[in-house]
Amino acid sequence: MKGKFSLNRILHNNRLIMLISLLLAVILWVTVLYGSGNDEDRTVSLGAVSLKLTDYAAETRGLTLVEGGEVEVTAVVTGPRFLINKNIQDEIKVRGDMTNVVEPGEYNIALTATGGSGYTIKEIRPNSVRILVDTIDTKDFPLSPDTAAVTVPNSEEYRLGDTIIDTSVINTSNIAVSGPSRTLAQIDRVVARVDKETTITKVTVFPAPLIALDASGNEVDTTNCQFYDKDGKAIKSLNLTVPVSVPKKVTFHYTVKNMPAKYAEDPTFLTLSPATAVIWGPADALADYDGDLGVIDFDNISRGSGVFTVPLNLKGGLQAADNLREVTVNIRDQGLNSKFIEIPLTADKVRFLNNPTNQSPVFIYKNGEIQQSLSVSIQGAAASVEAVTVDNLSITVDLKNTVVTDGSVYQARVAIAGYDDLWVYYGSGDLHGIEVTLNAG
């Protein structure tokens, strides 16, 4: 009969049986794959998670999160494969409870995570993070170069000079350091240290990392600190110029002024101690130094002051061996004497040089009274000092082509005739005449 249901016919319909089999297979596969009894685990990278202080800690307490403010986190989740294989990392949120962080110090902050529905977060790694919280301060510390790693090949031919810190970056002996207060409290000083052993024979510039040291000389961890140059720019190192000195033996010499002719011919009258020295310094600076001590002027030397020192005043990185800083000048005092002589201020005793109007000025005291004589100190050989008289003395005043007005001040010098072993002492320092006051006359 037509239209009558026939199971036999259905079972012998190959196409229909294939379709039904495929449909049942798909249903079975879906059931097996996504059934609740087939959950899987997956490790998900959540990237960098940032922690943040509470407003109270940051603004009211002035705290800063120094360490541990950012941490890489992964999560282990379990759930159906079709669900956990999605980009669920975007919906998983990790947080740390910072409520109790209100004082400087170290804290262990537990991390917790929340996610979407349909899967479970089994764990997060790490599940806690150590943080360091402190106030930030800035302080100045002594700065010095450390060139212990720099050497020369032969100490008899070379020496290291005084290290020079780049003054375009740091122009004082201190350096500003900013960082956590607990770190700054450990710092005693800062060094710019050449950290590579090097042997040099000429001036060399080294980059030197900045290192903080405690009072015992141990390094302080300044990972969370900044060093600043003179303009407030953060820096990590300085350039150190390390000069190399070479030796030069020099014979000291001088220029002598106003020494009596007799003594100028006597090499034992004025001597130097030491007469020679070894000077160390950069080769170019040594080339310009010949041991010149400058001027020794008998205007400023009196009997009894015949032993005095002249500072070397070495510059350009020069240093004398044995830490020599001055040379002693010895003037033989034996057989010398001195006395004062009054010279009358009369026309035959006084001569005015460079007098443009041929004036005849009048010597006066500071109070305006006329000055009648000038007292001078005569130094030299005892016999000549005894014999010399006012007749051997004369006064010259250089007007320097100026017109004398009342109260004008000039320098008067005294000449000694007939003796080659006497001189006039005008006083210590840089005096080269006797100060006199003149009226126009």
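Everything numeric here is computed off the predicted structure, so don't read it as measured data. (Residues numbered from 1 in each chain as written. Predicted model: local features only at pLDDT ≥ 70, side-chain atom pairs only at ≥ 80, totals over all residues. Heavy atoms only, no water.)

Q: What is the right way to look at the overall build of the chain in this model?
A: Within the chain one finds eight helices and 34 strands. The globule rule puts the C-alpha radius of gyration for 441 residues at 22 Å, and the 48 Å found for the chain is more than 25% above it. Dimensions along the principal axes, computed over C-alpha positions, put the chain at roughly 175 × 55 × 45 Å. With 441 residues in all, the chain has 36% of them scored as buried. Across the chain, contacts joining residues at least 24 apart in sequence account for 75% of those joining residues at least 6 apart. (Helix = DSSP H or I, 4+ residues; strand = E, 2+ residues; numbered from the N terminus. Rg over C-alpha atoms; globule rule 2.2 N^0.38 Å. Buried < 20%, exposed > 50% of the residue type's maximum accessible area, 1.4 Å probe, protein only. Contact = heavy atoms within 4.5 Å.)

Q: When you look at the packing of aromatic side chains in this model, what are you seeing that I'm missing?
A: How two aromatic rings sit relative to each other is set out by the distance from centre to centre and by the angle between their planes. Scanning the entire structure with this criterion turns up five aromatic pairs. Ring geometry for Tyr263 versus Phe269: centroids 4.0 Å apart, planes at 10 degrees, classification stacked. Counting every residue linked through ring pairs, the aromatic cluster contains Tyr263, Phe269, Phe298 and Trp423. (Phe/Tyr/Trp six-rings, centres within 6.5 Å; stacked < 30°, edge-to-face > 60°.)

Q: What exactly am I supposed to notice about the pattern of salt bridges here?
A: Oppositely charged side chains can pair when the atoms bearing their charge come close. Scanning the entire structure with this criterion turns up eleven salt bridges. The residue Arg130 makes a salt bridge to Glu67 at a minimum N-O spacing of 2.5 Å. Placement of the pair is Arg130 in strand β7 (residues 128-134) and Glu67 in strand β2 (residues 64-67), with a sequence separation of 63 residues. Judged by its relative accessible area of 39%, Arg130 is partly exposed. (Salt bridge = Lys/Arg side-chain N within 4 Å of Asp/Glu carboxyl O.)

Q: I keep staring at a nonpolar patch on the surface and nothing clicks. Help me out?
A: A cluster of nonpolar side chains, Ile20, Leu23, Leu24 and Ile27, forms an exposed patch at the surface whose accessible area comes to about 380 Å². By the secondary structure assignment, Ile27 is in helix α2 (residues 14-34). (Patch = residues over 30% accessible without salt bridge, like charges linked within 9 Å, V, L, I, M, F, W, Y side chains within 5 Å. Areas by Shrake-Rupley, 256 points an atom, 1.4 Å probe, with all protein chains shown as cover.)

Q: I would appreciate a short explanation of the side chain of Asp299 in the present structure.
A: Relative to the helices and strands, Asp299 resides in the loop between β23 (292-297) and β24 (307-311). For Asp299, a relative accessible area of 2% corresponds to the buried category. For Asp299, the side chain forms a polar contact with the side chain of Asn258, separated by 3.2 Å. Dropping the residues within four chain positions of it, Asp299 is found in contact with Asn258, Arg413, Val424, Tyr425, Tyr426, Gly427, Leu431 and His432. (Polar contact = N/O pair within 3.5 Å; in protein donor to acceptor, adjacent residues only side chain to side chain.)

Q: Please explain the sheet that holds strand β1 (residues 40-50) as it appears in this structure.
A: Think of a sheet as strands paired side by side through backbone hydrogen bonds, with each pair either parallel or antiparallel. Read across the sheet, three strands follow the order β1-β3-β6 without closing on themselves; strand pairing throughout is antiparallel. With partners counted over all chains shown, the strands left at the sheet margins are β1 and β6 (120-125), one partner each. On average, each strand axis in the sheet is tilted by 25 degrees relative to the strand beside it, whichever way the strands run. Of the pairings in the sheet, the one linking strand β3 (residues 70-79) to β6 comprises five bridges and is antiparallel in character. Residue Thr78 lies in a different strand from β6, and its bridge partner there is Thr120. (Pairing = 2+ DSSP bridges. Axes fitted to C-alpha atoms, helices over the stretch in contact; angles between N-to-C directions.)

Q: For this particular structure, what's the right way to read the environment of Leu393?
A: Examined against the element boundaries, Leu393 turns out to sit in strand β31 (residues 393-398). Sequence-wise, Leu393 and Leu63 are 330 residues apart; in three dimensions their C-alpha atoms are separated by 86 Å.

Q: Could you clarify how one ought to interpret the environment of Ser375 in this entry?
A: Mapped onto the fold, Ser375 is located in strand β30 (residues 373-381). Judged by its relative accessible area of 33%, Ser375 falls in the partly exposed class. Ser375 sits 34 residues away from Ile341 along the chain, and the two C-alpha atoms are 5.6 Å apart. Residues contacting Ser375, with those up to four places away along its chain left out, are Phe340, Ile341, Glu342 and Ile434.

Q: Just checking my understanding: could you explain the sheet that holds strand β21 (residues 270-273) for this structure?
A: An order of β21-β26-β24 is seen for the three strands of this open sheet, with the pairing classed as antiparallel. In this open sheet, the two strands that pair with only one neighbour each are β21 and β24. Pairwise comparison of adjacent strand axes, ignoring direction, gives a mean angle of 30 degrees for this sheet.

Q: Would you mind going over unusual backbone geometry with me for this structure?
A: If a residue is not glycine, its phi is most likely negative; likewise, a peptide bond is most likely trans. Cis geometry marks the peptide bond from Arg125 to Pro126; its omega dihedral reads -5 degrees. Take Pro126: it is sitting in the loop between β6 and β7. Of note, the bond from Ser273 into Pro274 is cis; its omega dihedral lies within 30 degrees of zero at -5 degrees. In this structure, Pro274 sits in the loop between β21 and β22 (276-281). Non-glycine residue Asn323 carries a positive phi angle of around 60 degrees. Counting through the fold element by element, Asn323 comes out in the loop between β25 (319-320) and β26 (326-331). The exposed category is assigned to Asn323, whose relative accessible area is 54%.

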